[in-house]
Amino acid sequence: MTMYIGDLSQRKVAAVAGFVYLAIIILGIFAEFFVRSRMIVPGDALTTANNILASEWLFRIGIASDLIMLSFDVLVAWALYVLLKQVNQSLAMLALLFRLMHAAIYAATLLLLFFVLLMLSGANYLAAIETDQMHALVLLFLHGHSYGYDLGLLFFGLHCFVLGYLIFNSGYIPKILGVLLISASLVYLAGSFTRFLFPDYIEIISPIYVVSLIAELSLCLWLLFKAIKFESLDDAAH
């Protein structure tokens, strides 16, 4: 028996969640690794500023990609709540709130990237700031963005932990996906606390983020291509 939420079946909600989740992963990787990582040179304010000025339009596209990603994140938070509230409505709501907290923090952090563009805009009111100081502020804002990013991931890690628990206990989603998401949550939490407590070691821990990528990609592809043969808990009990 397929459950319906209003005029949407849970199978359709799952398919939408999978499609949007895949878009989130693609947009996030593009903005962070194919745009900003190629422009930012750690410790070199001048080169970083020149790279951004040379590819300002691409830098703006990266910000736009993040904005779209965050809009999709709200949609995925809602869809996962719909799909999992029959397991435990309170925990499903908690997972939703953690994900929305992550989205809100990251949205605020994006303002720092706009500040970077403002600093490099050449506006008259910036004439009082020396060029070297301006470039240093650009690097400061970019560092601030990195810290805000990891602050958001702390709440995203908590979301993944609760989500993994719900999936593991759902009975209609493979338990391995729950295990993977709980593993991803530990990676996100470890990365965030490393950023704030031991920032000099953040590069050492970065490679383990591949665990999180595998976990999230596995979930979104399963939702997208498999969907779910949703049954109510009552029907399943029979």
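Residues numbered from 1 in each chain as written. Predicted model: local features only at pLDDT ≥ 70, side-chain atom pairs only at ≥ 80, totals over all residues. Heavy atoms only, no water.

Engineer: Break down a nonpolar patch on the surface for me, with residues and values.
Structural biologist: A surface patch of nonpolar side chains, about 830 Å² in accessible area, is lined by Y147, L151, F193, F196, L197, F198, Y201 and I204. Elements supplying a minimum of two residues to the nonpolar patch: α5 (131-168) and α6 (175-197). The leading source of residues in the nonpolar patch is α6, at three residues. Among the secondary structure elements, F198 is positioned in the loop between α6 and α7 (202-205). (Patch = residues over 30% accessible without salt bridge, like charges linked within 9 Å, V, L, I, M, F, W, Y side chains within 5 Å. Areas by Shrake-Rupley, 256 points an atom, 1.4 Å probe, with all protein chains shown as cover. Salt bridge = Lys/Arg side-chain N within 4 Å of Asp/Glu carboxyl O. Helix = DSSP H or I, 4+ residues; strand = E, 2+ residues; numbered from the N terminus.)

Engineer: For helix α1 (residues 10-39), give the residues involved together with the corresponding values.
Structural biologist: A rise of 1.5 Å per residue sets the reference length of α1, with its 30 residues, at 44 Å; its end C-alpha atoms lie 42 Å apart and thus fit the reference within 8%. For α1, the principal kink sits at F30 and spans about 30°. (Expected span 1.5 Å × (residues − 1). Bend = angle between axes of the 7 residues up to and from the residue.)

Engineer: Pulling in residues and values, what's your account of the packing of α1 against helix α3 (residues 56-84)?
Structural biologist: Relative orientation of the contacting elements α1 and α3 amounts to 155°, with a least axis distance of 8 Å. In terms of axis orientation, α1 runs roughly antiparallel to α3. Considering only the axes of α1 and α3, their crossing is left-handed. Classifying every residue of the contact of α1 with α3 gives 25 nonpolar, four polar and three charged. (Axes fitted to C-alpha atoms, helices over the stretch in contact; angles between N-to-C directions. Parallel < 35°, antiparallel > 145°, perpendicular 65-115°, else oblique. Left-handed = near helix turned anticlockwise from the far one by under 90°. Nonpolar A, V, L, I, M, F, W, Y, C, P; charged D, E, K, R; others polar.)

Engineer: Please give an account of the pattern of salt bridges that cites residues and values.
Structural biologist: Opposite charge on two side chains allows them to pair when their charged atoms are near. Applying the stated criterion across every chain, the model contains five salt bridges. The residue R99 makes a salt bridge to D73 at a minimum N-O spacing of 2.7 Å. Here the residue R99 occupies a position in helix α4 (residues 89-119), and D73 occupies one in helix α3, the gap between them amounting to 26 residues. You can call D73 buried: its relative accessible area is 3%. With a closest N to O distance of 2.6 Å, R195 and D150 form a salt bridge. Taken together, the residues R195 in helix α6 and D150 in helix α5 connect sequence positions 45 residues apart. Side by side, R195 and D150 carry an identical accessibility label, which is buried. (Buried < 20%, exposed > 50% of the residue type's maximum accessible area, 1.4 Å probe, protein only.)

Engineer: Can you break down the packing of aromatic side chains residue by residue, with the values?
Structural biologist: Within the structure shown, the criterion is met by five aromatic pairs. Between Y106 and Y149 the ring centres are 5.1 Å apart and the planes differ by 75°, which places this aromatic pair in the edge-to-face class. Of this pair, Y106 sits in helix α4 while Y149 sits in helix α5, placing them 43 residues apart in sequence. Judged by relative accessible area, Y106 falls into the buried class, the value being 2%. Ring geometry for F156 against Y188: centres 5.3 Å apart, planes inclined by 80°, an arrangement best described as edge-to-face. (Phe/Tyr/Trp six-rings, centres within 6.5 Å; stacked < 30°, edge-to-face > 60°.)

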